[in-house]
Amino acid sequence: MSAKKLLVLPGDGIGPEVMRQVVRIMTWLDRRRNIRFEITEDLVGGASLTVHNTPIRDEVITRARESDAVLFGSVGDPKWNHIGFDKRPELAILRLRQDLGLFANLRPAKVFDALVDASTLKPDVVRGLDIMIVRESVGGIYFGAPRGIETLPDGTKRGINTEVYTTAEIERVARTAFELARKRNNTVCSVEKCNVMESGLLWKEVITALHASDYSDVTLTHMLADNCAMQLVRAPRQFDVIVTGNLFGDILSDLASMLTGSLGMLPSATLGSRNEAGHMPALYEPIHGSAPDIAGQDIANPIAQILSFAMLLRYSFNMQAEADMIETATSAVLASGLRTADIMSPGMARVGTSVMGEAIVRELDKLQG
Ligand code: NAD
């Protein structure tokens, strides 16, 4: 099998230590399943600032463009809190998203059976939950013009932001959602506020037309964003893939992820458009930050980073079997009672970052037989 080009950017804080657990899994895939990765590793965030005086170098962006996928850790280091926003470590991820044209943010919310009690909702409501929120991430009200704060003739002020979406912007994120649904339970729920917003009306029209022309095999439903927020806490298992704009997606994806319990468990992906040669720019990262409060102590939960790698295998390389194996192995380790500090509960065995990583590799060995 030909080598797959991966750019690995561990970043700051707990980034490098959780990324080391993914490297164990890459080594295992090479050894036991003959899957090779051509890995390039580089500095981003505070780590890059220290050495190169910039949160991300142009050559790292170029390498990201040339790679099949980017696996990102996390950036942010309190050491750099005093410097201007134009140089902050967090700029590394913003630039990667912009320069690679990553417009679809995928946030799964999946509840592992062993952690069903970690949710604030009743176990009966969240058991077996497995939904995916696809959020348009480079358009909508966060980027629309006009924007600003203006002073009115009477001296009071007016703040302005503009929700704006074009047909092309809606179509490309909807395509991502429909394609994803085909690899899952084949159902998409499109979420907007077409009852009060013209941009929502257009959103619904464009998705309905695209569905009819290209994706009529997928079941499509529509829901107003306020109802969707309510349904996500009332009966979240009714959803498979939800597709929505930037603002509603921001709120609904945070809401959905917390149905599952812990920040240390949650992966994400941001995808761009597939070109004619079949290449799709893609970046995978845990949703948590660099957690400077626990960095370097071997206590961080590596599962969000490991599950981000499973998403990379699934969506960039179509390696469904390997992605399933990693998720099953993680589930088995949790069922065996091992817990990092963030998901610890009475009667379970507390372990550190590297022991959790080793345990997942041992389970992979068992699954491989
Ligand atoms: P954070 O996600 O880093 O941490 C929030 C809390 O969750 C902390 O108590 C932390 O210890 C805990 N936590 C996070 N991940 C964990 C894990 N894997 N295992 C166990 N516990 C975990 O958020 P924050 O403290 O608000 O931000 C810290 C830094 O990270 C800031 O500089 C921020 O800008 C940056 N940040 C970066 C990203 C990114 O790289 N995409 C995302 C969010 C925050």
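Residues numbered from 1 in each chain as written. Predicted model: local features only at pLDDT ≥ 70, side-chain atom pairs only at ≥ 80, totals over all residues. Heavy atoms only, no water.

**Focus: the site of the ligand**
And step 1. Near the ligand there are 18 residues, and of these E90, G289, A291, D293 and N301 occur at the shortest range.
And step 2. Interatomic distance of 3.3 Å between a side-chain N/O atom of H288 and a nitrogen atom of the ligand.
And step 3. Contact distances for the ligand include 2.9 Å between a nitrogen atom and a backbone N or O atom of N301.
And step 4. Considering the ligand on its own, with 810 Å² of exposed area, one finds that the protein chains cover 66% of that surface. (Near = heavy atom within 4 Å. Polar contact = N/O pair within 3.5 Å; in protein donor to acceptor, adjacent residues only side chain to side chain. Areas by Shrake-Rupley, 256 points an atom, 1.4 Å probe, with all protein chains shown as cover.)

**Description of the sheet that holds strand β9 (residues 219-224)**
And step 1. Strand order in the open sheet formed by 10 strands is β2-β1-β3-β12-β11-β4-β5-β10-β8-β9, and the pairing between neighbours is mixed. The open sheet is flanked by β2 (37-41) and β9, the only strands paired with a single partner. Taken over all neighbouring pairs, the strand axes of this sheet differ in orientation by 20° on average, direction set aside.
And step 2. Note: strand β4 (residues 104-110) against strand β5 (residues 130-136), 7 bridges, orientation antiparallel. (Pairing = 2+ DSSP bridges. Helix = DSSP H or I, 4+ residues; strand = E, 2+ residues; numbered from the N terminus. Axes fitted to C-alpha atoms, helices over the stretch in contact; angles between N-to-C directions.)

**Looking at the pattern of salt bridges**
And step 1. Scanning the model with the defined rule gives 23 salt bridges in all.
And step 2. Across the salt bridge formed by D250 and R135, the nearest N and O atoms sit 3.7 Å from each other. Separated by 115 residues along the polypeptide, D250 in helix α9 (residues 246-258) and R135 in strand β5 bring together distant segments of the chain.
And step 3. Residue classification places D250 among the partly exposed positions, given a relative accessible area of 26%.
And step 4. Since its relative accessible area comes to 15%, R135 is described here as buried.
And step 5. For D240, the salt bridge is made with R184, and the minimal N-O distance between the two is 2.9 Å. Note that D240 is positioned in the loop between α8 (225-234) and β10 (241-244) and R184 in the loop between α6 (167-182) and β8 (187-192), a separation of 56 residues in sequence.
And step 6. The buried category is assigned to D240, whose relative accessible area is 5%.
And step 7. If you follow the salt bridges from partner to partner, you end up with D42, R57, E59 and R63 in one network. (Salt bridge = Lys/Arg side-chain N within 4 Å of Asp/Glu carboxyl O. Buried < 20%, exposed > 50% of the residue type's maximum accessible area, 1.4 Å probe, protein only.)

**Comments concerning helix α10 (residues 303-316)**
And step 1. Helix length check: α10, at 14 residues, gives a terminal C-alpha distance of 19 Å against a target of 20 Å (1.5 Å per residue), a fit within 8%.
And step 2. Burial of α10 is extensive: 14 of the 14 residues sit out of reach of the surface.
And step 3. Just past α10, the residue N318 takes up positive phi, approximately 55°. (Expected span 1.5 Å × (residues − 1).)

**A word on the packing of helix α1 (residues 15-33) against helix α11 (residues 320-335)**
And step 1. At a minimum axis distance of 13 Å, the contact between α1 and α11 shows a crossing angle of 125°. If you check the angle between α1 and α11, you find them oblique. Classified by chirality, the crossing of α11 by α1 is right-handed. Residues I25, W28, L29 and R33 of α1 pack against A321, E322, M325 and I326 of α11.
And step 2. Grouping the amino acids of the contact of α1 with α11 by side-chain chemistry returns 6 nonpolar, no polar and 2 charged. (Parallel < 35°, antiparallel > 145°, perpendicular 65-115°, else oblique. Left-handed = near helix turned anticlockwise from the far one by under 90°. Contact = heavy atoms within 4.5 Å. Nonpolar A, V, L, I, M, F, W, Y, C, P; charged D, E, K, R; others polar.)

**Describing the layout of surface pockets**
And step 1. Counted as a void, the largest pocket has a volume near 510 Å³.
And step 2. Every residue lining the largest pocket is counted, 25 residues in all, and those nearest its centre are I93, L94, R97, R135 and E285.
And step 3. Residue assignment for the lining of the largest pocket shows that the elements contributing at least two residues are β3 (69-74), α4 (91-99), β4, β11 (267-271) and β12 (282-286).
And step 4. Top element by residues in the lining of the largest pocket is α4. It accounts for 4 residues.
And step 5. Along the lines of polarity and charge, the residues of the lining of the largest pocket split into 10 nonpolar, 10 polar and 5 charged.
And step 6. Each of domain 1 (1-103 + 272-369) and domain 2 (107-263) accounts for three or more of the residues forming the lining of the largest pocket. (1 Å grid on protein atoms, 1.4 Å probe; cavity = no way out; pocket = protein on both sides within 12 Å on 5 of 7 lines; lining within 4 Å. Points joined across faces, edges and corners; volume = space filled by probe spheres on them. Domains from an automatic or database assignment.)

**Brief notes about the domain arrangement of the protein chain**
And step 1. Domain parsing of the protein chain yields domain 1 (1-103 + 272-369) and domain 2 (107-263).
And step 2. Averaged C-alpha coordinates put domain 1 and domain 2 at centres separated by 25 Å.
And step 3. Taken together, the 19 residues of domain 1 in the interface contact 20 residues of domain 2.
And step 4. Buried area between domain 1 and domain 2, both sides added, is near 1,600 Å², and the carbon and sulfur share of it is 68%.
And step 5. Among the residues domain 1 hides against domain 2, the three largest losses belong to F103, I287 and Y315. Together they make up 43% of the total.
And step 6. Applying the counting rule to domain 1 against domain 2 returns 1 salt bridge.
And step 7. Note that E327 is salt-bridged to K110, the shortest N-O span being 3.5 Å.
And step 8. The interface formed by domain 1 and domain 2 holds 2 residue pairs in polar contact (both at pLDDT 80 or more) in total.
And step 9. Elements supplying a minimum of two residues to the side of domain 1 that touches domain 2: α10 and α11.
And step 10. For the side of domain 1 that touches domain 2, the per-class residue count stands at 10 nonpolar, 5 polar and 4 charged. (Buried area = accessible area lost by both parts, 1.4 Å probe.)

**Thoughts on helix α7 (residues 198-214)**
And step 1. End to end, α7 covers 24 Å across 17 residues, agreeing with the expected 24 Å (1.5 Å per residue, within 8%).
And step 2. Every buried residue of α7 is accounted for by S199, G200, W203, V206, I207, L210 and H211. Down the axis of α7, the sector holding all buried residues measures 135°, keeping them to one side. Those residues of α7 that are exposed and angled more than 90 degrees off the buried face are E198, E205, A212 and S213.
And step 3. Summarising the contacts, the buried residues of α7 are in contact with β5, α6, β8, β9 and β10. (Arc of directions from axis to C-beta.)

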